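# A structural walkthrough
For reference, the chains in residue letters:
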Amino acid sequence: MAGNAEATKAELIKLDQEWGAAAVRNDVEFERKFVADDCLFTEADGTVMTKAQMIQEAESGKSKTTANQPSEYNVRLLGPDMAIIRHNTTATSTDNGKDTSGEFRRMHVVVRRNGRWVVIDSQSVRVGPVTMAVKQ
């Protein structure tokens, strides 16, 4: 079982890294497949967006990510079909021409639906330089 858990964690990290790369490429089709239709995003500024709003922003070109460097992953499996992914990200981005670059701590809730992993909830918090800390 431990081997399966480690393989699942590695799969989820790879999918998340591909999602970040898709954002840089503005690959809306990847986002359509990896993000559940009912997903909600809590952005670093506190706003909440739906998948449809996120896709609309990406297609409009008003929101752009030109670099995304994730690090320090922590994946918690909550059963065979649900997990929480946490990681840090350094991103270079703009929104309506305004620089929104920075360092963020992100958390995504993912579930396996119809045999594939999808994001059902995502939150991003702006932080300074950080390392993943686990309180004992």
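A quick note: this is a predicted structure, and the numbers were derived from the prediction, not measured. (Residues numbered from 1 in each chain as written. Predicted model: local features only at pLDDT ≥ 70, side-chain atom pairs only at ≥ 80, totals over all residues. Heavy atoms only, no water.)

## Examining the pattern of salt bridges
Going through the model one piece at a time under the given rule, you end up with 8 salt bridges. In this structure, the salt-bridge partner of D27 is R25, at a minimum N-O distance of 2.9 Å. Take D27: its relative accessible area is 24%, and that puts it in the partly exposed class. Note that D37 and K51 form a salt bridge whose closest N and O atoms lie 2.9 Å from each other. Here the residue D37 occupies a position in strand 1 (residues 35-42), and K51 occupies one in helix 3 (residues 51-60), the gap between them amounting to 14 residues. (Salt bridge = Lys/Arg side-chain N within 4 Å of Asp/Glu carboxyl O. Buried < 20%, exposed > 50% of the residue type's maximum accessible area, 1.4 Å probe, protein only. Helix = DSSP H or I, 4+ residues; strand = E, 2+ residues; numbered from the N terminus.)

## A look at the pairing of strand 3 (residues 63-77)
Here strand 3 pairs with strand 4 (residues 82-95) via 12 bridges, running antiparallel. Of the residues in strand 4, the one forming a bridge with S63 is D95. Where strand 3 folds back onto strand 4 in an antiparallel hairpin, the turn is made up of 4 residues, including G79, whose phi is positive at roughly 130°. (Pairing = 2+ DSSP bridges.)

## Concerning the UniProt feature "domain: DUF4440" (unreviewed entry) in the protein chain
According to UniProt, the feature "domain: DUF4440" (unreviewed entry) maps to residues 13-119 in the numbering used here. Secondary structure content for residues 13-119 is 28% helix and 54% strand, while the C-alpha to C-alpha distance between its ends is 13 Å. (UniProt positions renumbered as here; feature names shortened; annotations may be inferred.)

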